[in-house]
Every structure is written in structure tokens, then in C-alpha cells.
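Coordinate inspection notes
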Amino acid sequence: MNDKKFVTDSGIEIKRVYDQHNREKESPGEFPFTRGVHSDMYRSKLWTMRQYAGFSTAEESNQRYHYLLKQGVMGLSVAFDLPTQIGYDSDHALAEGEVGKVGVAISSIEDMRTLFHAIKLEDVSTSMTINSTGFILLALYIAVAKEQGADLSKLSGTIQNDILKEYAARGTYIYPPKPSMRIITDIFEYCNQSVPKWNTISISGYHIREAGSTAVQEIAFTLSNGKAYCKAAIEKGLNINEFGKRLSFFFNAHNNFFEEVAKFRAARRMWAKITTELGATDSRAQMLRFHTQTGGSTLTAQQPQNNIVRVSLQALSAVLGGTQSLHTNGFDEALNLPTAEAAKLALRTQQVIGYESGVTDSVDPLAGSYFVEALTDEMEAEAWKYIAHIDKMGGAVSAIEQGFMQQEIARASYDYQKNIESGEKIIVGVNKFTEQETKHDSAFKIDDSIRKKQSEQLAKLRANRSHTKFETCIEAIAQAAKDGSNLMPPVIEAVENNCTLGEIADTLRKVFGEYKG
């Protein structure tokens, strides 16, 4: 008998055999939702198949969106470039070299009109991966929808809007934590009244995992952040049974297959308990609904076609774990932005799972597996330990301010990389089964000249707008920031009157200050 110790990537020991498991019978669609948030799950409707896309100019991204819609995607998912993410227009000095590189450049309502040209916003679900400037991008989206004559009560989609994980793992923050939390609760309040189908936040474990956390840390830190958002909204006087229905989550799907399935199941059960303790009585406010993206950090530049297999297994874990929507990465993304062909193959991966594999025919098909049920319990128990520690520190905001989450993620990342370099953790094509690599020339490059084009468009917009109206709108935003009134109405009016993203962000920089970390 092999005496070697086997563990998951979170360090949970795997027994040689699992032959018993005691649990009360749970049904899909019922509290605590371990087995899924819907009673029929994919027997009634498949998950939303999204493909994350955005690059270069709004025109080029719009062409990719039309291509993806023709290929069968069910919802759009927008990536923004770094200047847009941290509140700088394309012509700002700090934007040089970054315009359009990791996402689409959006500085004004003109860009947003172009991005969604000939796409009826009332008929499509749009997810926007944006945080510190999420309120401005949402305002731009609403403004364009209004121009299209859309019924705002029918608009559906999500803004990520999860600033806490930016402090802990990713770094695209602008303002200090407290005013940032205030902006988020303003969005909750506004959307609850005016855009009721919009998911106001996607509380993200994805970037926590990409920064190097374990699966246990991913759910523990993400749910702690979610708890902090709920408490902030409750303190503002909002009803968790209302805003809780519009919360969603965003998780990573990594390589350790059964650990990922157990992670998703444990997260649902834990969130049901957390929201109940915070006062939620409506089952829809207790449900953890989530989007999944396959693991970007798992993609390898070496033997990139191996990534097709990795993405397939990761996508399958998300489906067996009960995801509500899914993005599959292109196999070439360790080398460049995904080509159209790679994006199509990634979408086809989801379609084969959904329409050919048969795994959707039964609700929660792995339920009752001694191994899966035991691993779900162990994942939950380990995550609760982290949450209890964070609660003792005063909650997620305090834990981030004290550097706790950052230090834990850094430690886990170091341990994981050390195991790869020692060969204890095998990555096919990287530290085992390697080949002499041929040089890969990036198949998809962004032309740096787009910054010049964007700058010219911005200069024209500023020259042609009403200066008086601009000043009035900017002052209204500053006043709302100072007196505590909801920021969304003046921001929407500002973008409708051609105030730019950078100008609005700078106005709030003057009031709130900048967070230096």
C-alpha cells in the first residue's frame, strides 16, 4: 500500500477511500443551497455562456461582440483597459503605453455608444469587469440605454464593483476604503429603485485566486468581503431582503477538479448561513449566484494547446459545481489577447459540455459521493476558520487595512510556486514532459497608435460640449460627494452632457483623496 500523503492544493488531506458520510438530506433549490440554487438547474436552462472580450478601441471590440453573438454566446462580458479601470482618460499622461492593451478604452459616452453599436441593450445581458470606476461605467451604460429608448427596468447585467478585493489582491483602486464603500452602497440604492434587474456587485474570488490564494482562501476572503458589503448596506438603511437578491459572486475554476467542485458547493452553503445571520429571510436573498471563469494563471506559454484540456476540465468543474454563468479562456492567452479562433474554440468547449456530455441531465450529479460530500465539509470548515479570524480583526475592511489577506495570499502563492519549482507539483509541459520550444510570435497585437486616435476624439468632444453645463455637472458631483447624497443621478447627468470618465474620477479624487496602500 502506498503510504504517500495526498493533499488538495489547499492542503486538505485526501484519504485512500471514502466509505461513509452522514448528512441530512438536502434538495436542490432549497436552503442552504448546497446542491444548487434552482430545483431543476440545467434541466430547465443551461448556464449563461459568456465570453470575456474587450481590446483596443470601442469599434474593434464592437466587432468582436457581434462575432461572439453570432457564434452563440448568451451574454457579453466587457474587459476595460487599465487607464479606464483606474479613472484616467486615454489622453492622460499616465495612460501612455496602456491604452487598449488589456481591455477596451472607454473615456466618454461616445466610446460607449460605439462599443454597443447595433446591440440592443434591453435584449442582452452585459457583465462589466470594473471596480473603482464601476459607477461611471454603469452611468455610461444607462445613458446609452436611455438613448436607445430602453426600459431601464428590463436592463440586465452585472458590474463587478468589488473594491475590497482590489486592496487585497489586484491593485486597481483609486479612493480609500470608506468612501469606496459609500460609492458601492450608493449603487445598491440607486439600482434597487431604478434598474431593478441589474446585479449591483459581483463579489470576486477570481482575482484573489489569480493572486495566488488557495481554494479555501478564495471562498473565505470572498465571503468575508461579501459580508462587509452587506453590513455597509444595512447600516445605510437598505433591506437585505431587497439588495441581497441583486448580489452575485465571481469565482475561479482551477485545476484540482474535485476541490473546485467542493469549493462551489461549500460557498453556497456558507453564504446562505451568513445572509441568514444578517437578517435575510427571503430565499432569493440567501442564494449565492455566481459566474465562473477558468483560471488565467493556470494557462501556460509552454505547449499552449495543453491549455485546451485544462480549460475543459476547469469548465466541467464549474458546471458540476452549479455555476450560473461561465467564461472559458482561450488557449493562447498566456501569449497574447485571445484570437477570434481561440475565443470560438473556448465557447465551443462550453457548448460541447452543455449539449453533448450529458452532465446537465441530472441535478448535482456528484451529490452523495462520499468523497465530494466529505471534501465539501472540510472546505467549509477550513474557510470558517479564516472568517472567524477576520471577524475578530473587525471584519474584511479592517483585515485588509492590516494586511492580513494580502499576507496570507502571498504565503500561499509562494508555497505553490515553490512546489512547482521543486517538482512536487507537476505542470505538464512546464516541469515535466517538456519539449524544445519554438518561439511564439504574438498573433494578436494592439497598435500603440490608438492612443493618438482616442486623444483626438477626446479633444473634439471637449471642444464641442457646453462648458457651462460641464461646470454645473462637475460641481453637482462634488457637492453630492460632500453632502452624502446619492452619486449616481449627478454622474449619469454628467456623462449625458459629455463629461469624461477621467474628469468625474478626478472630481472625486479632490473630495475623497487617493489610497496609497
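First, a word on scope: everything that follows refers to the structure included in this document. Computed from a prediction, not measured in an experiment: that's the story for all the values here. (Residues numbered from 1 in each chain as written. Predicted model: local features only at pLDDT ≥ 70, side-chain atom pairs only at ≥ 80, totals over all residues. Heavy atoms only, no water.)

A look at the sheet that holds strand β10 (residues 290-294)
Applied cut-off: Between any two strands, pairing holds if DSSP finds at least two bridges. By the criteria applied, helices consist of DSSP H or I runs no shorter than four residues and strands consist of E runs no shorter than two, each listed in order from the N terminus. We call two residues contacting when some pair of their heavy atoms lies within 4.5 Å. Note on method: axes are straight lines fitted to C-alpha atoms, helices fitted across the in-contact stretch only, with angles between N-to-C directions ranging 0 to 180 degrees.
Strands sit in the order β7-β6-β5-β4-β3-β11-β10-β9-β8 across an open sheet of nine strands; the sheet is parallel. Pairing within the sheet leaves two strands with one partner each, and these edge strands are β7 (198-199) and β8 (201-204). Bridge count between strand β6 (residues 156-159) and β7: two bridges; the pairing is parallel. When the bridges of β7 are listed, T158 appears paired with N199. Helix α8 (residues 215-235) rests against β8 and β9 (247-253) of the sheet, and its axis sits at about 165° to β9.

Structural notes on a nonpolar patch on the surface
Threshold: Patch building starts from residues that exceed 30% relative accessible area and form no salt bridge, then joins like charges within 9 Å and nonpolar side chains (Val, Leu, Ile, Met, Phe, Trp, Tyr) within 5 Å. Areas reported here follow the Shrake-Rupley algorithm with a probe of radius 1.4 Å; residue values treat only the protein chains shown as occluding. Any carboxyl oxygen of Asp or Glu within 4 Å of a side-chain nitrogen of Lys or Arg constitutes a salt bridge here. Note on exposure labels: buried denotes an accessible area under 20% of the residue type's maximum, exposed denotes more than 50%, and partly exposed covers the range between, all computed with a 1.4 Å probe on protein chains only.
Together, I426, V428 and F433 make up a nonpolar patch on the protein surface, roughly 280 Å² of accessible area in all. Mapping F433 onto the fold places it in the loop between α16 (404-422) and α17 (450-464). Among the residues examined, F433 registers a relative accessible area of 56% and is labelled exposed.

Focus on α16
Test applied: Take the number of residues in a helix, subtract one, and multiply by 1.5 Å to get its expected span. In this description, one arc is meant: the one made by directions from the helix axis to the C-beta atoms.
Given a rise of 1.5 Å per residue, 19 residues ought to cover 27 Å, and the 27 Å separating the end C-alpha atoms of α16 matches this to within 8%. Taken residue by residue, α16 has F404, M405, E408, I409, A412 and I420 as its buried positions. Seen end-on, α16 carries its buried residues on one side only, within an arc spanning 140°. Away from its buried face by more than 90 degrees, α16 exposes Q407, Y414, E421 and S422. Buried positions along α16 lie against α5 (164-170), α7 (206-210), α8, α14 (370-392) and α15 (396-401). In the stretch just after α16, G423 is the one whose phi turns positive, near 90°.

Regarding the pattern of salt bridges
Think of it this way: side chains of opposite charge can pair up when their charged atoms draw near. All chains considered together, the criterion is met by 33 salt bridges. Residue E341 pairs with K344 through a salt bridge whose shortest N-O separation is 3.9 Å. Of this pair, E341 and K344 are both found in helix α13 (residues 340-355), three residues apart, which corresponds to roughly one turn of the helix. Exposure remark for K344: the relative accessible area of 25% places this residue in the partly exposed category. One salt bridge in this structure joins R509 and E514, with 3.4 Å as the shortest N-O distance. Because the salt bridges share partners, they merge into one network encompassing D89, D91, R462, R465 and E503.

Re the packing of aromatic side chains
Quick reminder of the rule: Two rings belonging to Phe, Tyr or Trp (six-membered ring only in the last case) form a pair when the distance between their centres is within 6.5 Å. Interplanar angles under 30 degrees mark stacking, angles over 60 mark edge-to-face geometry, and anything in between is tilted. The rule for a charge over a ring is simple: NZ of Lys or CZ of Arg within 6 Å of the ring centre, and within 35 degrees of the ring normal.
Considering all chains together, one arrives at 21 aromatic pairs under this definition. Between the aromatic rings of Y141 and W198, the centroid separation amounts to 5.2 Å while the plane-to-plane angle is 50°, which identifies the pairing as tilted. Highlighted residues: Y141 in helix α4 (residues 134-147) and W198 in strand β7, separated in sequence by 57 residues. With relative accessibility at 0%, the residue Y141 sits in the buried group. Between the aromatic rings of Y175 and F512, the centroid separation amounts to 5.7 Å while the plane-to-plane angle is 75°, which identifies the pairing as edge-to-face. In this pair, Y175 is assigned in the loop between α5 and α6 (177-194) and F512 in helix α20 (residues 501-512), connecting sequence segments 337 residues apart. We classify Y175 as buried; its relative accessible area is 1%. Classification of F512 by relative accessible area gives buried; the value is 16%. A connected cluster of aromatic rings, assembled from ring pairs, spans F249, F251, F264, W271 and F290. Between the NZ or CZ atom of K4 and the centre of the ring of F6, over which it lies, the distance is 5.3 Å. Residue placement shows R465 over the ring face of F470; its charged tip is 4.1 Å from the ring centre.

Remarks on the pairing of strand β5 (residues 125-129)
In plain terms, the rule: Orient the strands so they point away from the viewer, and a crossover whose first-strand-to-second-strand path over the helix runs clockwise is right-handed.
Most of β5 sits out of view: five of its five residues are buried. Residue alternation in β5 divides its side chains into two sets, S125, S127 and T129 and T126 and M128, and both sets are buried. Where strand β4 (residues 75-79) lies against β5, five bridges are found, and the strand directions are parallel. Residue S77 lies in a different strand from β5, and its bridge partner there is S127. Sheet topology note: the β5/β6 ladder contains four bridges and is parallel. If you follow S125 over to β6, its bridge partner there is S156. Between β5 and its parallel partner β6, the chain crosses via α4, and the hand of that crossover is right-handed.

Overview of the packing of α8 against α16
Applied cut-off: Here is the rule for angles: anything less than 35 degrees is roughly parallel, anything more than 145 is roughly antiparallel, 65 through 115 is roughly perpendicular, and the remaining ranges are oblique. If you view the pair so one helix is near and one far, a crossing is left-handed when the near helix is turned anticlockwise from the far one by less than a right angle, and right-handed when it is turned clockwise. We call Asp, Glu, Lys and Arg charged. Ala, Val, Leu, Ile, Met, Phe, Trp, Tyr, Cys and Pro are nonpolar, and the rest, Gly among them, are polar.
Interaxial distance between α8 and α16 falls to 11 Å at its minimum, and their mutual angle equals 165°. Here α8 lies roughly antiparallel to α16, going by the angle between them. When you trace α8 past α16, the crossing you get is left-handed. From α8, Q217, F221, S224 and N225 reach across to α16, where they touch F404, M405, E408, I409, R411 and A412. In terms of residue class, the contact of α8 with α16 is built from five nonpolar, three polar and two charged.

All quantities given are derived from atomic positions and should not be read as evidence of function.
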